[in-house]
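# Descriptive structure summary
One-letter residues, chain by chain:
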Amino acid sequence: FDITKHALACFGGAGPQHACAMARALGISKVYIHRYGGILSAYGLSMADAVAEEQEPAKEVYAVSTSSGFDEKQDLSATTREARLGYLSEKAHASLMKQGYPKDSIVVEKYLNMRYDGTDNAIMIRENDNNDGVSLPFARTFVEQYYREFGFELEGRDILIDDFRVRAFVPGQTPTPPADVPSLGAPTPNGWTKAYFENGWENVATYNFDDLKPGHEVKGPAIIFQSISTMVLEIGCTALVTGDGDLDITVEKKNNEETLESGGEDIAEIKEDPVQLSIFAHRFMGIAEQMGRTLARTAISVNIKERLDFSCALFTNDGGLVANAPHIPVHLGAMQSAVRFQVEYWNADGREGIKEGDVFVSNHPQLAGGSHLPDITVITPVFHNGKILFFVASRGHHSDIGGISPGSMPPNSVRIEEEGARIVAFKLVRDGKFQEDGITDILVNQEYGGTRNLKDNLSDLRAQVAANNSGIRLLTQLVQENGLSTVEAYMYFIQSNAEAAVRNMLKEFAAEHGTRAHAVDHMDDGTPIELTIDIDPATGSACFDFEGTGPQVLGNTNAPPAVTYSAVIYSLRSMVGQDIPLNQGCLTPIEFKIPPYSLLNPSDDVGVVGGNVLTSQRVVDVVLKAFKACAASQGCMNNLTFGDEKFGYYETIAGGAGAGPTWNGRSGVHTHCTNTRITDPEILERRYPVLLRQFGLRKESGGDGKYKGGDGVVREIEPLRPLVMSILSERRTLQPYGLEGGEPGKTGKNLLIRKNGIALNIGAKRSCAISRGERLVIESPGGGGYGARED
């Protein structure tokens, strides 16, 4: 939110001494100091409600679904519901009466914790005040709140009760706003002293708080003494004593502070203000972050809820990326392509178009702007008066969507249909109704086997819709606060700011190193990734030409262009020396040339599951090498999957980061295009049939140099029942390069330890049937060193 439109409330003994200075620094014009500010917490406790709560678990059906809604003649829980809520009410009453509160002063609120059958997200619903003659009184409230939270209804689902809850309370005091008081002018100071402000030493009037009367106005600089606090009024601040004896302080703005005013509906009439630019950038980022928190809270899979393998972002009405939360870099450039594809697809001749209440889903990398099939993107248009204003989208990695191996990250796939369900364009929500049958059919009926985690897939897709819905609410609120024209204008201003920052960085590089940069690196199979960058020093534009990159491979390390865009946008943003949101503006100065049917621009039928997680890392290494920014990081995400016919699990494993001109590489971190967490050992072992034998740093695996590369990690897992375990990795043959005389990092290693203790090197890409007593050991690569070591 825009803090300049709010008042700063402060409390404590020291807070009022700094409140005016803090408010001025933040652009806030109002400060409020309560008369009991020094002991405000204690004062608040004295006025708070006295509360007693009681809750019991349940497993009951509240409402039975029919084709036309809920059967109002069947209130299956009526008898037990009233009995159990009545019992909990008596317990709560007794608790408060034991504390001395009379029974007639106690207010009781009754709740049911409710959810749709087959879902995992329950909502606590309070009983309406007037339910006389209403059938199924909780049902309507539940459906309304579920729609508000998730953005859709679930048809054909019974409503279940998970908990009964009662909240009994004795209402505390509710303060009333003070009446306006006539001005009494300035009070008489009780003394004078000297104090140092930003302009130097000042003669300052002092006052005793107890001598001030409602209506007195004290002008700063001044100091007001109280037995429980001290208040400092800065120069230009005026404190009015309210009818309740509180201080309402007006902070005078500095001469160079201006308030942005909307210039109507024409964006060109709104002038860019640097303060407002920063505010809007953080607000857009905050909306994306709140979407991410909603997704993590409502998802059920370990991959999204615990590992945070997802991204959320905001887009303009033409699909341009505006702001994203700091989630997964490899998702971001590709998400823009996915949004734009859906806009073009549904608005094409002969198709039904985009309507309010629609939510789209896709994952196809080559055809629909995806990254790889497990990354499913959910896209929601934001409407206002029948017009699309923006788009919000969330992309989450689903731990299984079918295919030839559990976890849907097969090491040896060569065709895309072997990697799982393919979705080009589908309306996940149509007219506000979640299309469960349709998406289930897509996920289950696949040539090489359907998803092994359908329940998790559906729950996570609902969570993604809910995350988008939270973004819509916050964007709508932002428009209501600031006006549509202002919000749209600052979306484009933020993109322009990112564009200018990238252009300046390219100009500076060209001035120091010349207008051409070149780099090449190789995948473990020898396929080159070659990049030539030509920079226009006058405009800061650049051409990224990948001519010389090897042909697409009979494997799955092929990467669609959207992945290359993501890798480049991440690299450019990392090299910009100022804090800007990662958005489409970063790519505006860039022209791409990617040879068709090459590793970075493959046909639509080849395997690509490894391109998103392996080749993307190598593209980043090549870009950073061309700019001489830092040594290579581990160049891999070390993708581990395991499972059987009943489940699939997926994780990425950390490694070493490359060193740079002034820093050592970090050890044991997810680098560059991945930004996920590793699953906590306790959660891993509790939810899956495995034992984590070892997890720690791989000592001395980072490259030596003036600045040392980061170390990789060792992760050892033993299955507790026969499982298929797969590893999809790189940098097992070619070392992560060092730079400017630095040594390369060590390559990684994947070992299968048999029951007899014999170790087998299984290579970079392999699926193995592993029995109990055998162990899989992953040793991830280290980062390259930077600069020759100084002895």
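Keep in mind the model is a prediction, meaning the values are calculated, not measured. (Residues numbered from 1 in each chain as written. Predicted model: local features only at pLDDT ≥ 70, side-chain atom pairs only at ≥ 80, totals over all residues. Heavy atoms only, no water.)

Along its 12 residues, helix H1 (residues 15-26) runs 15 Å from first to last C-alpha, staying within 8% of the 16 Å computed at 1.5 Å per residue. Those residues of H1 lying buried are Pro16, Ala19, Cys20, Ala23 and Arg24. Buried residues in H1, looked at end-on, bunch into an arc of 110 degrees, giving them a common side. For H1, the elements touching its buried residues are strand S1 (8-10), strand S2 (30-33), strand S13 (229-233), strand S14 (237-241) and strand S15 (247-251). Backbone geometry just after H1 places glycine 27 at a positive phi near 80 degrees. (Helix = DSSP H or I, 4+ residues; strand = E, 2+ residues; numbered from the N terminus. Expected span 1.5 Å × (residues − 1). Buried < 20%, exposed > 50% of the residue type's maximum accessible area, 1.4 Å probe, protein only. Arc of directions from axis to C-beta. Contact = heavy atoms within 4.5 Å.)

Attention now goes to helix H3 (residues 78-98). Taking 1.5 Å as the rise per residue, H3 with 21 residues should run 30 Å; its terminal C-alpha atoms sit 30 Å apart, in good agreement. Along H3, the positions that sit buried rather than exposed are Arg81, Leu85, Leu88, Ser89, Ala92, His93 and Leu96. The arc enclosing the buried residues of H3, seen along the axis, measures out at 145 degrees, which places them on a common side. Away from its buried face by more than 90 degrees, H3 exposes Thr79, Glu90 and Lys98. Contacts from the buried residues of H3 go to strand S3 (50-63), strand S6 (107-116), helix H4 (137-150) and strand S8 (159-170). In the stretch just after H3, glycine 100 is the one whose phi turns positive, near 100 degrees.

Next up on the list: the sheet that holds strand S18 (residues 359-362). If you trace the seven strands from one edge of the open sheet to the other, you get S17-S16-S20-S19-S18-S21-S22, paired in antiparallel fashion. The strands lining the two open edges of the sheet, one partner per strand, are strand S17 (321-324) and strand S22 (433-434). Of the strand pairs in this sheet, S18 and strand S19 (residues 375-384) are connected by three bridges, and their pairing is antiparallel. Looking across to S19, one finds that valine 361 is bridged to valine 378. (Pairing = 2+ DSSP bridges.)

So, on to the pairing of strand S31 (residues 723-728). Most of S31 is tucked away: five of the six residues are buried. The pairing of strand S27 (residues 639-643) with S31 spans five bridges and is antiparallel. When the bridges of S31 are listed, asparagine 639 appears paired with leucine 728. Relative to strand S34 (residues 765-770), S31 runs antiparallel, the two sharing six bridges. Its bridge partner lying in S34, methionine 725 is registered against cysteine 768.

Take the pattern of salt bridges next. Within this structure, the stated rule accounts for 37 salt bridges. Arginine 283 is the partner of glutamate 481 in a salt bridge, and the nearest nitrogen-oxygen pair spans 2.7 Å. Placement of glutamate 481 in helix H10 (residues 454-482) and of arginine 283 in helix H5 (residues 274-298) is noted, with a sequence separation of 198 residues between them. Relative accessible area serves as the criterion here: at 35%, glutamate 481 is assigned to the partly exposed category. Classification of arginine 283 by relative accessible area gives buried; the value is 12%. The partner of glutamate 730 in a salt bridge is arginine 618, and the shortest N-O contact between them spans 3.4 Å. Of this pair, glutamate 730 sits in the loop between S31 and strand S32 (749-753) while arginine 618 sits in helix H13 (residues 609-626), and the two are 112 residues apart along the sequence. (Salt bridge = Lys/Arg side-chain N within 4 Å of Asp/Glu carboxyl O.)

Judged by nonpolar contacts, the single largest core of 70 residues is most densely connected at Ile533, Phe544, Phe546, Leu572 and Phe627. Ranked by residue count, the leading element in this core is H13, at nine residues. Once residues lying within four places of it in the same chain are set aside, the contact partners of phenylalanine 544 are Leu531, Thr532, Ile533, Val568, Leu572, Ile590, Glu591, Phe592, Lys593, Val623 and Phe627. (Core = buried A, V, L, I, M, F, W, Y, C linked by side-chain atoms within 4.5 Å.)

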